[in-house]
Amino acid sequence: MAKSIKTWTLNELAEKIGGTLVGNPHLLISRPVPAGFAAEDGITFATNSSFLEKALSVDVGAIVAPLDSDLGERSGILVENPRASFAGILQLFAPVLEIENGIHPSASIHLDASVASSAKIGANVIICADVLIGENVTIHPGCFVGPNCVVGDGTTLMPNATLVVNVRLGTHCFIHSGAVIGADGFGFEWDGTKHVKIPQIGGVLIGDNVEVGANSCIDRGALEDTVIGSGTKIDNLVQVGHNVVIGTNSILAGMVGIGGSAKIGNQFIAGANVGVKDNVAIVDNVVLGGRSGVSGDIKESGVYFGTPPIPIKEGLRVFALTNKLPEIWKRLRDLEEKFKDGNKL
C-alpha cells in the first residue's frame, strides 16, 4: 500500500525553519516546487527579486523569500537565507529509506562487537570483532563493518557501504551506498625487478557530520590515519588517497582525486574532476574550479582555476584563449614568414 503524502501547515513550516509567517497559517503544503511552477499545495523559494517575480507570476501556495520581500496578498515565509531555509523544508519531504528497529536475524555480529540497543542493523550486515556501534546508528542491508571500527552516534550507513578496517566515524555522519572507507592505501616500491607492496597499517579518522557519496573511496593511512574534518561533504566517485588530511567544512565534488599525503586546510572547495597531486599542501579557504590540476603547494587563500591553478579571472581568460591557439599560431607563422628576410613593417 502506498504511503499517504505528508502535509504540513504553513505555520508548522515557518516554525521548523525559524522564519516569519506571512498570510494564511493554516495553508496545507504537500510538496516543494521550483520557482515558476504552479501548485496550490506547493511551496517554492526566491533568492532575489527576479526569482520572486517568477514565483509570484503563478498560482503557487507559498513562497520562501528574503526578509525584505513584499509578497502582496500571497502567503509565504520570510527568512534571511531562502536557499538554506528551503533546504530545511526539503528535508521534511525527502524520501527516507527505513529499516525496522533492532537487529535483523540474518545479520552477523561478532561476539566481541559492541552494538548499542538503539541501533538498527539491517539484513545481511556483517559486523566484525572489536567494533563499536553507537546510539541511534542505522546500518542498512549488505553493509560490512570490519575489525577495529567505530561508528559514532546517529550515523547512517546506506546499503552496501563498507568500512574495511581501522575506521572511526564521528557522530551524525552519512555514508552512501557503495562507499569504501579504510581500504588498503596504494603503496608500492620498485626493487629493480618488481613492485613490492608496502602494507598500509594506519586507519581513517572521520569527524562529525561528514557525508561520503556513493562509490567514493577513502584509503587508510600507511602508518598514521587518513583524516577527514568535521562538516566535510564528499560527492560520489571521489578518491581520497592514504594519509591525506582534509580540514573542516570542506566540499569535494564528483570525481575529485586527492593524492596520498596531501594536506588540505579548512573550508576547501574542489569542483568536479579536480586532481590534487600527492604530498602537496593547500591552505585554508581555497576554491578550485572544475577540472583544475594541483601539482604544487597553494599558499594563499583564494579562488583558482586551471592546470596549474592560477587566480580565477586570469585562469578563465587563459581557458577562453585556448580554443584560439590554432588561429594565433597561424598568424604568428604568417608574420614570421613575412619578415624572415628582413622585411620591415
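Residue indices follow the written sequence of each chain, beginning from 1 at its first position. Since the coordinates come from a predicted model, pLDDT governs what is reported: local features require at least 70, and pairs of side-chain atoms require 80 or more to be given and counted, while whole-chain, interface and lining totals use all residues. Excluded from the side-chain calculation are hydrogens and water; included are all heavy atoms of the structure.

Caption draft 1: Focus on the pairing of strand S5 (residues 39-45). At least two bridges found by DSSP between two strands is the condition for calling them paired. Each helix is a run of DSSP H or I of at least 4 residues and each strand a run of E of at least 2, with the numbering of both proceeding from the N terminus. As paired elements, strand S4 (residues 31-32) and S5 share two bridges and run parallel to each other. The residue bridging arginine 31 from the neighbouring strand is glycine 42, located in S5. Here S5 runs beside strand S6 (residues 60-66); their pairing, made up of four bridges, is parallel. Paired with threonine 44 across the strands is isoleucine 63, a residue of S6. If you view a crossover with the strands going away from you and the path from the first strand over the helix to the second runs clockwise, you call it right-handed. Handedness of the crossover is the feature at issue here: the chain leaves S5, passes through helix H2 (residues 49-56), returns alongside S6, and the resulting connection is right-handed.

Caption draft 2: How the structure looks around a nonpolar patch on the surface. Like-charged residues within 9 Å of one another, or nonpolar side chains (Val, Leu, Ile, Met, Phe, Trp, Tyr) within 5 Å, are grouped into patches, provided each residue has over 30% relative accessible area and no salt bridge. Here the open area of atoms and residues is found with the Shrake-Rupley method and a 1.4 Å probe, where only the protein chains shown may cover a residue. For this document, the term salt bridge refers to a Lys or Arg side-chain nitrogen within 4 Å of an Asp or Glu carboxyl oxygen. Taken together, Leu321, Leu325 and Ile328 make up a surface patch of nonpolar side chains, about 260 Å² in accessible area. Of note, isoleucine 328 is situated in helix H5 (residues 325-339).

Caption draft 3: Highlighting the pairing of strand S21 (residues 180-183). One ladder, built from two bridges, connects strand S18 (residues 162-163) with S21; its direction is parallel. Across the sheet, threonine 162 pairs through a bridge with valine 180, a residue of S21. Bridging between S21 and strand S26 (residues 217-219) involves three bridges; their strand directions are parallel. Bridge pairing in S26 places valine 180 opposite cysteine 217.

Caption draft 4: Seen up close, the state of the cysteines. For the purposes of this analysis, a disulfide is any pair of cysteine sulfur atoms at a distance within 2.5 Å. Tallying each qualifying case throughout the model produces zero disulfides. Cysteine 149 supplies the cysteine sulfur nearest to cysteine 128, a cysteine that is in no disulfide, at a spacing of 8.0 Å. Throughout, exposure labels follow a simple rule: accessible area from a 1.4 Å probe, protein chains only, divided by the maximum for the residue type, with under 20% read as buried, over 50% as exposed, and the rest as partly exposed. Its relative accessible area of 16% is what places cysteine 128 among the buried residues. Cysteine 217 takes part in no disulfide bond, and the closest cysteine sulfur, belonging to cysteine 143, lies 15 Å away.

Caption draft 5: View of the side chain of serine 250. You can see serine 250 is positioned in the loop between strand S30 (245-246) and strand S31 (251-252). Here serine 250 falls in the buried class, since its relative accessible area comes to 0%. Not counting residues up to four positions away in its chain, the partners in contact with serine 250 are Gly231, Thr232, Lys233, Gly265, Asn266, Gln267 and Phe268. It only takes one pair of heavy atoms within 4.5 Å for two residues to be counted as in contact.

Caption draft 6: The arrangement of the sheet that holds S5 in detail. What the five strands build is an open sheet, ordered S2-S7-S6-S5-S4; its pairing is mixed. Two strands in the sheet have a free side with no partner beyond their single neighbour: strand S2 (20-22) and S4. As defined by bridge partners, S6 adjoins strand S7 (residues 75-79) across five bridges and the pair is classed as parallel. Along S7, the bridge assignment pairs alanine 62 with serine 75. Along the sheet, helix H1 (residues 10-17) contacts S2, S5, S6 and S7; its crossing angle with S7, the most-contacted strand, is approximately 5°. Lines fitted to the C-alpha atoms define the axes, with helices restricted to the stretch that makes contact. Angles between their N-to-C directions range from 0 to 180 degrees.

Caption draft 7: View of the side chain of asparagine 243. Tracing the chain through its elements places asparagine 243 in the loop between strand S29 (239-240) and S30. A distance of 3.4 Å separates a polar side-chain atom of asparagine 243 from the backbone oxygen of glutamate 224. What asparagine 243 contacts, discounting residues up to four positions off in sequence, is Gly221, Ala222, Leu223, Glu224, Asp225, Thr226, Ser261, Ala262 and Lys263. Identification of polar contacts relies on pairs of N or O atoms within 3.5 Å, with a donor-acceptor requirement for protein atoms, meaning one able to donate a hydrogen and the other able to accept it, and with residues adjacent in sequence counted only if both atoms are side-chain atoms.

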